[in-house]
Amino acid sequence: MLTGFLLCRSLEEADRVSQILPEHIRLTRAEFGCHRFEVLRSHSDPCRFAVAETFRDREAFEAHQKRAARTLWGRATKAIPRDYVIREETG
């Protein structure tokens, strides 16, 4: 499970993220092993996006990371700071 925040540095950057986010969400939710994928823009801080994602296992999560890195999303957001915690669930 990954939780945390995507931390845009300006409103312009956050608006660009918002424009390409729907396609990223659609593609990710269609991936094999994706159980949950949510990215929500904060109302109180519009430069901040809360992220929560859960994949079937580490293999599915790593496949997602590789796929996403090769997309418009990956290229456009590569330099944007993230504050993520990755936790493996047991049981």
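The coordinates are above.
Please read all numbers here as calculations on a predicted model, not as lab measurements.

Novice: Explain the environment of alanine 14 to me, using residue names and the numbers behind them.
Specialist: Checked against the element boundaries, alanine 14 lands in helix 1 (residues 11–29). Take alanine 14: its relative accessible area is 0%, and that puts it in the buried class. The residues contacting alanine 14, other than those within four sequence positions of it, are Cys8, Arg41, Pro46, Cys47 and Phe49.

Novice: Got a sec to walk through the packing of aromatic side chains? Specific residues and values, please.
Specialist: Considering all chains together, one arrives at 1 aromatic pair under this definition. Over the ring of phenylalanine 5 we find arginine 48, and its NZ or CZ is 3.7 Å from the ring centre.

Novice: Pulling in residues and values, what's your account of the side chain of arginine 67?
Specialist: You can see arginine 67 is positioned in helix 2 (residues 58–69). Excluding its chain neighbours within four sequence positions, the residues that come into contact with arginine 67 are His24, Leu27, Thr28 and Glu31.

Novice: Now, about the sheet that holds strand 4 (residues 82–86): what can you tell me, with residues and values included?
Specialist: What the 4 strands build is an open sheet, ordered 2-3-1-4; its pairing is antiparallel. What marks the edges here is a single partner per strand, and that holds for strand 2 (34–41) and strand 4. Across the sheet, the axes of successive neighbouring strands diverge by a mean angle of 10 degrees, strand direction being ignored. As defined by bridge partners, strand 2 adjoins strand 3 (residues 48–55) across 7 bridges and the pair is classed as antiparallel. In the strand pairing of strand 3, arginine 41 is matched with phenylalanine 49. Sitting on the sheet, helix 1 is in contact with strand 1 (2–7), strand 2 and strand 3, with an inclination near 160 degrees to strand 2.

Novice: Describe the environment of glutamate 12, listing the residues and the values that go with them.
Specialist: With respect to the helices, strands and loops of the structure, glutamate 12 is situated in helix 1. Glutamate 12 gets classed as exposed once you look at its relative accessible area, which sits at 53%.

Novice: Summarise the pattern of salt bridges; cite the residues concerned and give the values.
Specialist: Tallying each qualifying case throughout the model produces 8 salt bridges. Between glutamate 23 and arginine 26 there is a salt bridge whose closest N-O contact spans 2.7 Å. Linking glutamate 23 with arginine 26, this pair stays in helix 1, spanning 3 residues, or about one helical turn. Between arginine 29 and glutamate 38 there is a salt bridge; the shortest N-O distance is 3.3 Å. The partly exposed category is assigned to arginine 29, whose relative accessible area is 44%. One connected set of salt bridges, linked through shared partners, spans Arg58, Glu62 and Glu88.

Conventions adopted
Residues numbered from 1 in each chain as written. Predicted model: local features only at pLDDT ≥ 70, side-chain atom pairs only at ≥ 80, totals over all residues. Heavy atoms only, no water. Helix = DSSP H or I, 4+ residues; strand = E, 2+ residues; numbered from the N terminus. Buried < 20%, exposed > 50% of the residue type's maximum accessible area, 1.4 Å probe, protein only. Contact = heavy atoms within 4.5 Å. Phe/Tyr/Trp six-rings, centres within 6.5 Å; stacked < 30°, edge-to-face > 60°. Lys NZ or Arg CZ within 6 Å of the ring centre and 35° of its normal. Pairing = 2+ DSSP bridges. Axes fitted to C-alpha atoms, helices over the stretch in contact; angles between N-to-C directions. Salt bridge = Lys/Arg side-chain N within 4 Å of Asp/Glu carboxyl O.

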